[in-house]
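If you want the building blocks of each chain, they are given just below.
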Amino acid sequence: MDSVQLQFEQGVGDRFADWLSQSSGASCSFIRRADRAPDLVYSYRGRELFVEITAAYYDGRHAEFLWKVARGAIDAPDNWAGVNSDKTLASEIINRIAEKEQKRYGENTILLIEVPPGVTSAERLTELLSTQNYGAKTSFTGIYVLGNFPQTSNSTGGYRVIPLVPL
């Protein structure tokens, strides 16, 4: 795994740990990278909390654009444009959950799905994902979608966490 990927995972985990500490009033702090999946281990409420990190993109070209730019690739695309962005992002999140559900991570593991900055508001994404019933189907202790969302006329932008299956 390359250093950009490691930094990405650590950043996602640490931002979530800060949010969880603030929202719950209980400290959540990094302990170590896991030897195998899941990716990270935190301490939360006197127990180890295992964290699996993934990301959802608008489409494959969007993922390629972001990762090649992050890695400074000379063949990185100059831009990206998508079609029906909100619905495709929601669908990609559902696909990431289904993909991760195929593996077994053990007890007390949460799944974090990072959404890179884009055009979909947190409110719109929450609306699109609200029709799914994740809790009855999951082996994860919690599932969260998170990222920096744009400000719209109906919402505040910035870092937001969308609990699909809260701890």
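Given the structure is predicted, the values throughout are model-derived calculations rather than measurements.

**Student:** Hey, could you run me through the nonpolar core in this one?
**Tutor:** Generally speaking, nonpolar side chains in soluble globular proteins are found buried as a group. Counting 21 residues, the largest nonpolar core has Ile93, Ile113, Leu125, Ile143, Val145 and Leu164 as its most contacted members. Contributing elements (two or more residues each) for this core: helix H3 (85-101), strand E4 (109-115), helix H4 (122-129), strand E5 (142-149) and strand E6 (158-165). Setting aside residues no more than four positions away along its own chain, Ile93 makes contact with Ala56, Ile113, Val115, Leu125, Leu129, Val145 and Leu164. Counting residues in each nonpolar core, the second largest holds 20 residues, with Phe16, Tyr42, Tyr44 and Val51 among its members.

**Student:** Would you mind showing me how to read unusual backbone geometry here?
**Tutor:** Excluding glycine, residues mostly have negative phi values, and the peptide bonds linking residues are mostly trans. In this model, Arg45 sits at a positive phi of 55 degrees, which is unusual for a non-glycine residue. Along the chain, the position of Arg45 falls in the loop between strand E2 (40-44) and strand E3 (47-55). Exposure remark for Arg45: the relative accessible area of 56% places this residue in the exposed category.

**Student:** Help me understand the pairing of E4 in this model?
**Tutor:** On any regular strand, side chains alternate: one points to one face of the sheet, the next to the other face. Among the seven residues of E4, seven are classified as buried, and the element is accordingly described as predominantly covered. Both faces of E4 are covered, namely the face carrying Thr109, Leu111, Ile113 and Val115 and the face carrying Ile110, Leu112 and Glu114. By the bridge criterion, six bridges tie E3 to E4 in an arrangement that is parallel. Its bridge partner lying in E4, Val51 is registered against Ile110. In terms of strand pairing, E4 meets E5 through six bridges, oriented parallel. Across the sheet, residue Leu111 finds its bridge partner in E5, namely Ile143.

**Student:** In this structure, what is going on with the environment of Tyr57? I would like to understand it.
**Tutor:** Relative to the assigned elements, Tyr57 resides in the loop between E3 and helix H2 (60-70). The class of Tyr57 is buried, set by a relative accessible area of 11%. Expressed as a C-alpha distance, the spacing of Tyr57 and Ile93, which sit 36 residues apart in the sequence, is 8.1 Å.

**Student:** What is the right way to read the pattern of salt bridges from this model?
**Tutor:** Close approach of charged atoms lets side chains of opposite charge pair. Enumeration over the complete set of coordinates arrives at nine salt bridges. For the salt bridge of Glu123 with Arg160, the shortest nitrogen-to-oxygen distance reads 3.0 Å. Here the residue Glu123 occupies a position in helix H4, and Arg160 occupies one in strand E6, the gap between them amounting to 37 residues. For Glu123, a relative accessible area of 31% corresponds to the partly exposed category. Its relative accessible area of 24% is what places Arg160 among the partly exposed residues.

**Student:** I keep staring at the sheet that holds E2 and nothing clicks. Help me out?
**Tutor:** Two modes of strand pairing occur in sheets, parallel and antiparallel, and in both the strands are linked by backbone hydrogen bonds. If you trace the six strands from one edge of the open sheet to the other, you get E1-E2-E3-E4-E5-E6, paired in mixed fashion. Two strands lie at the open edges of the sheet, namely strand E1 (28-33) and E6, each paired on one side alone. Looking at each pair of strands side by side, their axes are set apart by 30 degrees on average, direction ignored. In terms of strand pairing, E1 meets E2 through five bridges, oriented antiparallel. The residue of E2 that forms the bridge with Ser29 is Ser43. The sheet contacts of H4 involve E4, E5 and E6, and relative to E6 the element is tilted by about 10 degrees.

**Student:** Help me out: how do you make sense of the packing of H3 against H4 in this one?
**Tutor:** Relative placement of two packed helices is described by the angle separating their axes and the distance separating the axes. At a closest axis distance of 10 Å, the pairing of H3 and H4 adopts a crossing angle of 55 degrees. One finds that H3 runs oblique with respect to H4. The element H3 and its partner H4 pack so that their crossing is right-handed. Of H4, the residues touching H3 (which contributes Asp86, Lys87, Leu89, Ala90, Ile93 and Ile94) are Arg124, Leu125, Leu128 and Leu129.

Conventions used here
Residues numbered from 1 in each chain as written. Predicted model: local features only at pLDDT ≥ 70, side-chain atom pairs only at ≥ 80, totals over all residues. Heavy atoms only, no water. Core = buried A, V, L, I, M, F, W, Y, C linked by side-chain atoms within 4.5 Å. Buried < 20%, exposed > 50% of the residue type's maximum accessible area, 1.4 Å probe, protein only. Helix = DSSP H or I, 4+ residues; strand = E, 2+ residues; numbered from the N terminus. Contact = heavy atoms within 4.5 Å. Pairing = 2+ DSSP bridges. Salt bridge = Lys/Arg side-chain N within 4 Å of Asp/Glu carboxyl O. Axes fitted to C-alpha atoms, helices over the stretch in contact; angles between N-to-C directions. Parallel < 35°, antiparallel > 145°, perpendicular 65-115°, else oblique. Left-handed = near helix turned anticlockwise from the far one by under 90°.

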